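Notes for the structure review
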Amino acid sequence: MNQNTRSFLALTKASLKMYYRNKGAIIFTLLIPVALLSIFGFLSSGRGPRIQVGLTNKATTEMAQQFVAALKSVEAFNIRETTETDAATELGKGDIDLQVIIPENFGKNEDGKPMASTIQTRFNKGKPQSGHMANMVIVQIVTGLDKKVTNAPTVLDVKSEGVAVNNLGYFDFILPGILSMSIMQLGIFGVAFSFVAMKASGALRRIQATPVHPVYFVFAQATVRLLVTLSTAVILLIFGTYFFGFHMVGSYVNFFLVCIFGILIFLGIGFAIAGWARDETQVAPVANLIQLPLLLLSGIFFSREGFPTWLKTITDYSPLTYVSHALRKIANEGAGLTELPMDMIGMGVWVILVYIIAVKLFRWE
Amino acid sequence: MPVILEVNNLTKTYPNGVNAVKGISFSVNKGEVFGILGPNGAGKTTTLEMIEGLRPITSGTVLLDGIKTEEQPYLIKQRVGIQLQSSAFFQNLKLTELLEMFADLYGAKINSAELLADVGLQDKAGFLVKNLSGGQKQRFSIATTLVNKPVMIFLDEPTTGLDPQARRNLWELIAQIKSRGTTVILTTHYMEEASFLCGRVAIMDDGKIVALDTPDQLIKQLLAKGFVPHTEVPPATLEDVFIDLTGKTLRD
């Protein structure tokens, strides 16, 4: 094994042990996000009784029957077949949560080719969580059928209508937010305090007295924080999905890639502070000064829609806005990375920026 | 005895203009314990750090075991063991884990139990550094300098702040390391320590070496100048009384 690799692994191992033996850090990085998530989960309590679905099937094709069967097999749904007008009235009264209309041409062929067709769903504004959840299930069923029909471009689609603004469950909104917050705090606080403590105590200087360049120690610390953050993300996702019915519409790979981008940005900020500061007393005010406005103004706990235009414009550029927005788009709407060019560019620019600043500010002693 | 370290006209000027080391020259023989004495601010630590490759050299040369520090500071660090003045270690790591980490950083293989036994800490393998006494910390710190089987170790004020028992215990350890052929350079504020341990000492003041010889020779030279002690020196010291009453047994 190459000596640099060996040194890096030794320092990573040491950093990992230091981390998991630090009870304060464990509470900070795992328990607090999980507790916050639980509070929001119970407040929004997305787990209600079954979702009442009013179904109108205008088609007679085998495909439509398959679709109805699939819907009926969903445990969370209570399906009632009815006419379009009756269902609309019931939806208005709140007797059903979701209306699903299968059009006549659903699954039909025209000149030997499948016809493009759109299933319409409408849901109750008063119970957006159920409607949203139901909608996502239907998207999945349709996507599945669509793949069966052809390898050609999408011909079947769901068109959702009825709720203009808040068509998300609050819990689906809050989970990526809390995760973004954890990423930021792990990056800034998780690294700044411990690193500056090692600098102030002389433990870092002791490493400099060995043949290893101390930058390997920075890499080792960063690697451990990256692992910890990804574990936090996994735990929050499992916890949120299992207990509060969180739905991941998009790809986990994209979701975790954005998490990694986020941790790179905030680790950079953490190392910039730790590299600049002489001791812990200098870290706290600076770290708070950076993270508090980001926390409040990046749309973590509530949407930025209510902000005055100027504030919204400024906070558009916050690194935490980019991270939380991208995570939400992926988790809630299934966006791919190429559909999030502004977020990706924004995060990329921030990564470069914070590392330039960190390198400029860094002092080893 | 062959020379292992040759320092020539070594100078350090800090960016703020402070001239901490002003062109000093000396050499250290293989296998000796060489002491650098001097009041605070004399430039002892700066001198050590330049030799070790921890601090850039303003001018002058250092040749250690045939290697120029300035040109290959990382190769120097590979060959020597360095104990810093304030020895701090990563928190929450056990002694064996720290030793193994240090060994990995040098690409060395060690038997950590044996190494801990060498410094009298065989019972403390699973301890954290913060749970050690002052003397044990210093002995552990010396153990970390030995992981790479260095040709030379640097000890910067190894006994400062220790009680007389722990200090004497550390002297024995240093003498033991010397007896295995390792060259030792140390700085100290304790003259009896220098007399006991060092083959030769350099006395530094204001960035310069003002005297360099064996302790006996330095005393002879002083007496030859007609020096008379202020008070009559009793044949025993208060420290001798203290050790007589409290014993040599370690208290940590």
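Please read all numbers here as calculations on a predicted model, not as lab measurements.

1. Points about the overall build of chain A
- On a plain count of helices and strands, chain A comes out with 13 helices and seven strands.
- Summarising its shape, the C-alpha atoms of chain A cover approximately 80 × 45 × 40 Å along the three principal directions.
- Burial analysis of chain A (365 residues in total) assigns 42% to the buried set.
- Across chain A, every contact between residues at least 6 apart in sequence was considered, and the portion connecting residues at least 24 apart equals 80%.

2. So, the overall build of chain B
- Looking only at helices and strands, one finds nine helices and 10 strands in chain B.
- At 19 Å, chain B has a C-alpha radius of gyration in line with the 18 Å of a compact globule built from 252 residues.
- Dimensions of chain B, computed from C-alpha atoms along their principal axes, come out at roughly 55 × 50 × 40 Å.
- Here chain B holds 252 residues, and the buried ones make up 42% of them.
- Taking contacts inside chain B between residues at least 6 apart in sequence as the whole, the part at least 24 apart equals 68%.

3. Some remarks on the pairing of strand β7 (residues 152-156) of chain B
Residue and element names in this part refer to chain B.
- Among the five residues that make up β7, five are buried, leaving the element largely enclosed by the rest of the structure.
- Residues of β7 alternate between two faces, with M152, F154 and D156 on one and I153 and L155 on the opposite face, all of them buried.
- Sheet topology note: the strand β6 (residues 80-83)/β7 ladder contains four bridges and is parallel. What sits directly across from G81, in β7, is I153.

4. A word on the interface of chain A and chain B
- Of the residues lining the interface, 20 residues belong to chain A; the matching set on chain B comes to 22 residues.
- Broken down by element, the residue count for the side of chain A that touches chain B peaks at seven residues, all from helix α1 (residues 3-20) of chain A.
- Of the residues belonging to the side of chain A that touches chain B, the class tally is eight nonpolar, seven polar and five charged.

5. Side note on the environment of L320 of chain A
Residue and element names in this part refer to chain A.
- Position of L320 relative to the elements: it lies in helix α12 (residues 319-333).
- The sequence separation of L320 and Q291 amounts to 29 residues, and the corresponding C-alpha distance is 9.4 Å.
- Leave out the neighbours within four places in its chain, and L320 touches S180, M184, L294, S298 and I300.

6. A word on unusual backbone geometry
Residues and elements named next belong to chain B.
- For N9, which is not a glycine, the phi torsion comes out positive at approximately 55 degrees.
- Note that N9 resides in strand β1 (residues 3-13).
- On the neighbour-count criterion, N9 (11 C-beta atoms within 10 Å) is exposed.
- Even without being a glycine, E157 presents a positive backbone phi close to 50 degrees.
- By the element assignment, E157 lies in the loop between β7 and α6 (164-179).

7. Regarding the packing of helix α9 (residues 252-276) of chain A against helix α13 (residues 341-361) of chain A
All names here are of chain A.
- At a minimum axis distance of 8 Å, the contact between α9 and α13 shows a crossing angle of 20 degrees. One way to sum up the angle between α9 and α13 is to call them roughly parallel. In this structure, α9 crosses over α13, and the sense of that crossing is left-handed. Listed contacts from α13 to F261, L264, I265, G268, I269, F271, A272, G275 and W276 of α9 are M347, W350, V351, V354, Y355, I357, A358 and L361.
- Counted by class, the contact of α9 with α13 contains 15 nonpolar, two polar and no charged residues.

8. Here we look at the pairing of strand β9 (residues 200-205) of chain B
Residue and element names in this part refer to chain B.
- As defined by bridge partners, strand β3 (residues 33-37) adjoins β9 across four bridges and the pair is classed as parallel. Bridge assignment links F34 to a residue of β9, and that residue is R200.
- Where β9 folds back onto strand β10 (residues 208-213) in an antiparallel hairpin, the turn is made up of two residues, including D206, whose phi is positive at roughly 50 degrees.

9. Focus: the sheet that holds strand β2 (residues 19-29) of chain B
Residues and elements named next belong to chain B.
- The strand order across the open sheet built from four strands is β2-β1-β4-β5, with neighbouring strands paired in antiparallel fashion. At either end of the open sheet lies a strand with only one pairing partner, and these are β2 and β5 (67-68).
- Here eight bridges tie β1 to β2, and the two strands are oriented antiparallel to one another. Residue pairing across strands places L5 opposite V28, the latter belonging to β2.
- Strands in contact with helix α1 (residues 44-52) are β1, β2 and β4 (59-64); relative to β1, the strand with the most contacts, it is inclined by about 120 degrees.

10. What to know about the sheet that holds β3 of chain B
Residue and element names in this part refer to chain B.
- Read from one edge to the other, the open sheet built from six strands follows the order β6-β7-β8-β3-β9-β10, with strand pairing classed as mixed. A single partner strand is all that each edge strand has here, and the edge strands are β6 and β10. Taken over all neighbouring pairs, the strand axes of this sheet differ in orientation by 15 degrees on average, direction set aside.
- When β3 meets strand β8 (residues 183-188), the two strands line up parallel, connected through five bridges. Paired with I36 across the bridge in β8 is T187.

What counts, and where the lines are drawn
Residues numbered from 1 in each chain as written. Chains lettered and ligands numbered in written order. Predicted model: local features only at pLDDT ≥ 70, side-chain atom pairs only at ≥ 80, totals over all residues. Helix = DSSP H or I, 4+ residues; strand = E, 2+ residues; numbered from the N terminus. Buried ≥ 20, exposed ≤ 12 C-beta atoms within 10 Å, placed from the backbone. Contact = placed C-beta atoms within 7 Å. Rg over C-alpha atoms; globule rule 2.2 N^0.38 Å. Pairing = 2+ DSSP bridges. Nonpolar A, V, L, I, M, F, W, Y, C, P; charged D, E, K, R; others polar. Axes fitted to C-alpha atoms, helices over the stretch in contact; angles between N-to-C directions. Parallel < 35°, antiparallel > 145°, perpendicular 65-115°, else oblique. Left-handed = near helix turned anticlockwise from the far one by under 90°.

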